[in-house]
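What follows is each chain in one-letter form.
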Amino acid sequence: MLRIRGLKKKFKNFQALNGLDMDVEEGALYGFVGPNGAGKTTAIRVITGLLKPDEGTVEIDGKDAFRFRMEVRDAFGYVPDEFGMYDNLKVGEYMEFFAACYGYTGLVARNRCMQLLEQMKLDDRADAFVDSLSRGMKQRLCLARAMIHDPKLLVLDEPTSGMDPRTRLEFKEVLKELCAEGKTILISSHILSELAQMCTDIGIIDAGRIVLAGSMSEILQKVNDSNPLHIRVLEGREQAVAFLQKDSRVKTISIEQGDITIQFHGNSRDEARLLEGLLAAGARVNAFMREQGDLESIFMQITNHDMERVVMRGEE
Ligand SMILES: Nc1ncnc2c1ncn2[C@@H]1O[C@H](COP(=O)(O)OP(=O)(O)O)[C@@H](O)[C@H]1O
Ligand SMILES: [Mg+2]
């Protein structure tokens, strides 16, 4: 649905996007995660055609977004990170204004607006002033507006920032429903855990490029495969350590109070083989356990540039 290659964008001396590649499959709920200043908004502005990149390509629904501006415009809806001011405009009027921008008028427009307001649970607010809405309601209104032309792809820039936990949860439910109805959704956030439970795919951006991307299960697996592995042996620790030292996938070995902790890059099959090897080498192993992946700490490490190395090495 969305294919991005080699995006670069420089502001004066600052390289905001530095060779960004991204793929969002049709039907995905894609979490675009990165610390503040990583380049999320810049990337989204390029995707939505508001900003011209210095280099690179964006394809939306198979079409070059820069060459086919008008066709592509109908394929996506955009919820920006900042909500404008709409003094003296009522919710219904606001919707009808945007409907008119897409060529809907009269009864067709009114029906379309009401249907979207209902879907966003705002139908009882049609006569309220936009500025009187809560932050959560404003974001749902913005989403209703972004869907006026029934686009296949929705692009949302940090929509849940500034929401209280309950509103945030409700908003995420709405997104999950839309995804289940067949929309492809790209949502950005600087908080990984915020998106982890709901997204099907994640792309982590740091300093203008993707440092880790894939389906949630792939990422968790990758993270897991580079976590520390703890080994406890009753007898034959020397044999165990000698055996581990010979394995090239064992990157580090540390021994603390008799427990051996290693950095071992491999999947669960490799783990099983390692355990068999330890036993064959004469070690009596009574505990053998991979530390479970904590996505949040991984995110912190990746964006501090440490984990990036580890993860890359895990892919060798
Ligand atoms: N119009 C601009 N002029 C100069 N610098 C900018 C501009 N827009 C963004 N930047 C800089 O580019 C970097 C990335 O910004 P942004 O894309 O907004 O990050 P994010 O949305 O991930 O927080 C930041 O360091 C920001 O200061
Ligand atoms: Mg931003």
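Within any chain, residue numbers begin from 1 and follow the written order of that chain's sequence. Throughout, the order in which chains and ligands are written sets their labels, letters from A for the former and numbers from 1 for the latter. Restriction of local features to residues with pLDDT of at least 70 applies here, the model being predicted, together with a cutoff of 80 or more for giving and counting side-chain atom pairs; totals for whole chains, interfaces and linings are based on all residues.

Student: Please explain the site of ligand 1 as it appears in this structure.
Tutor: Around ligand 1, the neighbouring residues are Phe11, Phe14, Ala16, Gly34, Asn36, Gly37, Ala38, Gly39, Lys40, Thr41 and Thr42. Secondary-structure elements contributing two or more residues to the shell around ligand 1 are β2 (14-24) and α1 (40-47). Counting residues per element, the shell around ligand 1 draws most heavily on α1, at 3 residues. Working rule for contacts: place C-beta from the backbone, and if it is within 6 Å of a molecule or strand, that residue counts as near it. Secondary structure elements follow DSSP: runs of H or I of four or more residues count as helices, runs of E of two or more count as strands, with numbering from the N terminus.

Student: What's the story with the nonpolar core in this structure? I'm lost.
Tutor: It is characteristic of soluble globular proteins that their nonpolar side chains tend to be buried jointly. Among buried residues, those of type Ala, Val, Leu, Ile, Met, Phe, Trp, Tyr and Cys that are joined through C-beta atoms within 7 Å form a set called a nonpolar core. The exposure label follows from counting other C-beta atoms within 10 Å of a residue's C-beta, where the C-beta atoms are placed from the backbone and the thresholds are 20 or more for buried and 12 or fewer for exposed, leaving partly exposed in between. Ala144, Val155 and Leu186 are the most contacted members of the largest nonpolar core, which has 62 residues in total. Residues are scored as being in contact if the C-beta atoms we place from backbone atoms lie within 7 Å. If sequence neighbours within four positions are ignored, Ala144 has contacts with Met95, Leu116, Leu117, Met120 and Leu122. Core analysis: the next-biggest nonpolar cluster, separate from the first, contains 11 residues, Leu229, Val233, Leu244 and Ile260 among them.

Student: Would you mind showing me how to read the sheet that holds strand β8 (residues 184-189) here?
Tutor: The strands making up a sheet associate through hydrogen bonds between their backbones, and the pairing can be parallel or antiparallel. At least two DSSP bridges between two strands are required for those strands to pair. Strand order in the open sheet formed by 6 strands is β6-β7-β8-β3-β9-β10, and the pairing between neighbours is mixed. Two strands close off the open sheet at either side, each with one partner strand: β6 (76-79) and β10 (209-215). Neighbour-to-neighbour, the strand axes of this sheet turn through a mean angle of 15 degrees, independent of strand direction. Here strand β7 (residues 153-156) pairs with β8 via 4 bridges, running parallel. Each residue of the ladder has a partner; that of Leu156, found in β8, is Ile187. Lines fitted to C-alpha atoms define the axes here, with helix axes fitted over just the stretch in contact, and angles between the N-to-C directions of these axes take values from 0 to 180 degrees. Relative to β8, helix α6 (residues 165-180) is tilted by about 150 degrees, and along the sheet it contacts β3 (29-33), β7 and β8.

Student: Any chance you could explain the pairing of strand β1 (residues 2-11) here in plain terms?
Tutor: Within a regular strand, side chains alternate between the sheet's two faces. Note: β1 against strand β4 (residues 55-60), 5 bridges, orientation antiparallel. Residue pairing for β4: Lys8 is matched across the bridge by Glu55. The pairing of β1 with β2 spans 8 bridges and is antiparallel. Note on β2: the bridge partner recorded for Arg3 is Asp23.

Student: I would appreciate a short explanation of the sheet that holds strand β11 (residues 228-235) in the present structure.
Tutor: Strand order across the open sheet formed by 4 strands is β12-β13-β11-β14, with antiparallel pairing between neighbours. Each of the sheet's edge strands pairs with one partner strand only, and the pair in question is β12 (250-256) and β14 (284-290). Neighbouring strand axes in the sheet, compared pairwise and without regard to direction, differ in orientation by 20 degrees on average. As paired strands, β11 and β14 are joined by 6 bridges and run antiparallel to one another. Note that in β14 the partner of Glu235 across the bridge is Arg284. Sheet contacts for helix α9 (residues 237-246): β11, β12 and β13 (259-264); angle to β12, the most-contacted strand, approximately 160 degrees.

Student: Looking at this structure, how should I read the domain arrangement of the chain?
Tutor: One widely used convention gives an interface's size as the accessible area the parts lose upon coming together. By convention here, the domain bounds are inherited from an automatic or database domain assignment. As assigned here, the chain comprises domain 1 (2-215) and domain 2 (228-291). Here the C-alpha centroids of domain 1 and domain 2 sit 47 Å apart.

Student: Would you take a moment to explain the packing of helix α5 (residues 135-146) against α6 for this structure?
Tutor: Axis angle and axis distance: for two packed helices, these are the angle between their axes and the distance between the axes, and together they describe the pair. The geometry of α5 relative to α6 is characterised by a closest axis approach of 10 Å and an angle of 15 degrees between their N-to-C directions. The pairing of α5 with α6 is recorded here as roughly parallel in orientation. Taken as a pair, α5 and α6 cross one another with a handedness that is right-handed. Facing Arg135, Gly136, Gln139 and Arg140 of α5, the residues of α6 in contact are Thr167, Glu170, Phe171 and Val174. Of the residues belonging to the contact of α5 with α6, the class tally is 2 nonpolar, 3 polar and 3 charged. What sets the label is the angle itself: under 35 degrees gives roughly parallel, over 145 gives roughly antiparallel, 65 to 115 gives roughly perpendicular, and the rest give oblique. Each crossing gets its hand from how the near helix is turned against the far one by less than a right angle, where anticlockwise is left-handed and clockwise is right-handed. Gly is placed with the polar residues, together with every amino acid not listed as nonpolar (Ala, Val, Leu, Ile, Met, Phe, Trp, Tyr, Cys and Pro) or charged (Asp, Glu, Lys and Arg).

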